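Residue strings, one per chain:
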Amino acid sequence: MALVDYATSAGVALLTLNDPPVNGYTHEMMKDLDAAILEARFDNDVHVIVITGHGEKFFCAGANINMLRESDPTFKYYFCLHANETLSRLEHTPKLCIAALNGHTVGGGLEIAMACDLRIARKGAGKVGLPEVALGVLPGTGGTQRLARLIGKSRAIQLMCEGQTFDFETALAVGLINDVWETASHDEFMDRILAYSHTFTLPDRAALAVGRIKRAVQTGFEVGLEQGLALERELQAELFTSEDAREGLAAYMEKRKPVFQGK
Ligand SMILES: C/C=C/C(=O)SCCNC(=O)CCNC(=O)[C@H](O)C(C)(C)COP(=O)(O)OP(=O)(O)OC[C@H]1O[C@@H](n2cnc3c(N)ncnc32)[C@H](O)[C@@H]1OP(=O)(O)O
């Protein structure tokens, strides 16, 4: 995966978008991201996926504008289609996915981050926004749909039509990102991200339950309430038969720390 570095440690897969200087994404990078997501998805030892950008300045500056200029409409259509499929796959992978915003997160970069479950940014490291309108296009790899679902229709339309980029604190205030962490360095930020990610892994956290919570919410948001409740019941019935539920319930009554196995 030449344009996406892939590494695992103790239940966490770290995917790093790597195409300096701005980690702009191309069709090739999206294919590598797709491969990395599948790798993490089918690795039973991976419970959390973290996506970040190479370097200290950019998470991802969006689609590579040179590629958009030089390609024909058919290529661009398939580029968007494949990005949609990749990011939907990420959104529906039953493992918690955290976007670690290490720098500028704009255009398609924000669209990748919005397909993650949590977005945590390093204070002062960059700007965020969907500025595609300035290029005469719209945020076409999920931006119009996911931004509206995250922050509401009206504010989403305003942000995309103004096309401005803004700081992480503003993004936090409108509910676009979950947290802004002040750290002395990029390395400290990534160390904290990985330590936080590990809190969602075995043996302390029931990773199966984490994955099912994610699936219930992500899929539930796309269907009506009754269907969402039905899905929730089915996932819960599945969890109730797990060894981890037996362990969690027993540990509570025995006043001890549970030891989850992901089974
Ligand atoms: C379907 C999906 C569509 C899309 O995603 S379309 C792309 C949407 N993205 C954008 O429009 C972002 C454009 N970039 C910016 O607005 C700025 O960058 C930032 C605010 C993110 C950062 O600003 P600063 O720190 O001042 O960096 P800098 O000098 O603007 O950028 C460094 C070099 O990187 C090039 N660059 C930036 N973004 C892209 C990109 N997305 N594709 C190709 N090149 C890009 C610039 O032009 C420049 O180049 P040089 O050093 O030669 O002047």
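Residues numbered from 1 in each chain as written. Predicted model: local features only at pLDDT ≥ 70, side-chain atom pairs only at ≥ 80, totals over all residues. Heavy atoms only, no water.

As recorded in an unreviewed UniProt entry, the chain goes by 3-hydroxybutyryl-CoA dehydratase and comes from Sorangium cellulosum.

1. Description of the site of the ligand
Close to the ligand lie 19 residues, the nearest being K57, A61, A63, I65 and G108. For the ligand, an oxygen atom lies 2.8 Å from a polar atom in the backbone of A63. Contact between the ligand and E132: an oxygen atom at 3.4 Å from a side-chain N or O atom of the residue. The fraction of the free accessible surface of the ligand (980 Å²) that becomes covered by protein chains is 60%. Elements with a minimum of two residues in the shell around the ligand: helix 2 (65-70), strand 6 (104-106) and helix 4 (108-114). (Near = heavy atom within 4 Å. Polar contact = N/O pair within 3.5 Å; in protein donor to acceptor, adjacent residues only side chain to side chain. Areas by Shrake-Rupley, 256 points an atom, 1.4 Å probe, with all protein chains shown as cover. Helix = DSSP H or I, 4+ residues; strand = E, 2+ residues; numbered from the N terminus.)

2. Side note on the environment of D19
Structurally, D19 can be placed in the loop between strand 2 (12-17) and helix 1 (27-41). Looking at D19, the relative accessible area reads 24%, which means it is partly exposed. Residues in contact with D19, not counting those within four places in the same chain, are L3, G24 and M29. (Buried < 20%, exposed > 50% of the residue type's maximum accessible area, 1.4 Å probe, protein only. Contact = heavy atoms within 4.5 Å.)

3. Section: the nonpolar core
L33, I51 and L176 are the most contacted members of the largest nonpolar core, which totals 48 residues. The element that contributes the greatest number of residues to this core is helix 1, accounting for six residues. Once residues lying within four places of it in the same chain are set aside, the contact partners of L33 are V4, L15, L17, I51, T86, L87 and I112. In this structure, L14, I98, A100 and F200 belong to the second largest nonpolar core, which totals 15 residues. (Core = buried A, V, L, I, M, F, W, Y, C linked by side-chain atoms within 4.5 Å.)

4. Points about the pattern of salt bridges
One pass over the structure, following the stated rule, counts nine salt bridges. Note that K214 is salt-bridged to D117, the shortest N-O span being 3.0 Å. Taken together, the residues span a long stretch of sequence, with K214 in helix 9 (residues 207-220) and D117 in the loop between helix 4 and strand 7 (118-122) at a distance of 97 residues. The partner of E247 in a salt bridge is R256, and the shortest N-O contact between them spans 2.7 Å. Residue E247 is classed as buried on the basis of its relative accessible area, which comes to 17%. Using a relative accessible area of 35% as the deciding quantity, one classes R256 as partly exposed. Ionic contacts of the salt-bridge type, sharing partners, join the residues E247, E254 and R256 into one network. (Salt bridge = Lys/Arg side-chain N within 4 Å of Asp/Glu carboxyl O.)

5. Regarding the domain arrangement of the chain
Domain annotation of the chain identifies domain 1 (4-198) and domain 2 (207-253). A straight line from the C-alpha centre of domain 1 to that of domain 2 covers 27 Å. Roughly 850 Å² of surface becomes buried between domain 1 and domain 2 when both sides are summed, with 50% attributable to carbon and sulfur atoms. For the domain 1 face of the interface with domain 2, the top three residues by lost area are E91, H92 and P94, together amounting to 55%. Remark: the boundary between domain 1 and domain 2 carries one salt bridge. When residues of the side of domain 1 that touches domain 2 are traced back to their parent elements, those giving at least two are helix 3 (73-92) and strand 5 (96-101). Residues belonging to the side of domain 1 that touches domain 2 are distributed by class as follows: four nonpolar, three polar and four charged. (Domains from an automatic or database assignment. Buried area = accessible area lost by both parts, 1.4 Å probe. Nonpolar A, V, L, I, M, F, W, Y, C, P; charged D, E, K, R; others polar.)

6. A short note on the sheet that holds strand 4 (residues 58-60)
The strand order 4-6-8-9 describes an open sheet built from four strands, whose pairing is mixed. With one partner strand each, in any of the chains shown, strand 4 and strand 9 (165-167) form the two edges of the open sheet. The mean angle between the axes of side-by-side strands here comes to 25 degrees, regardless of whether they run parallel or antiparallel. As paired strands, strand 8 (residues 127-129) and strand 9 are joined by three bridges and run antiparallel to one another. Residue pairing for strand 9: K127 is matched across the bridge by D167. (Pairing = 2+ DSSP bridges. Axes fitted to C-alpha atoms, helices over the stretch in contact; angles between N-to-C directions.)

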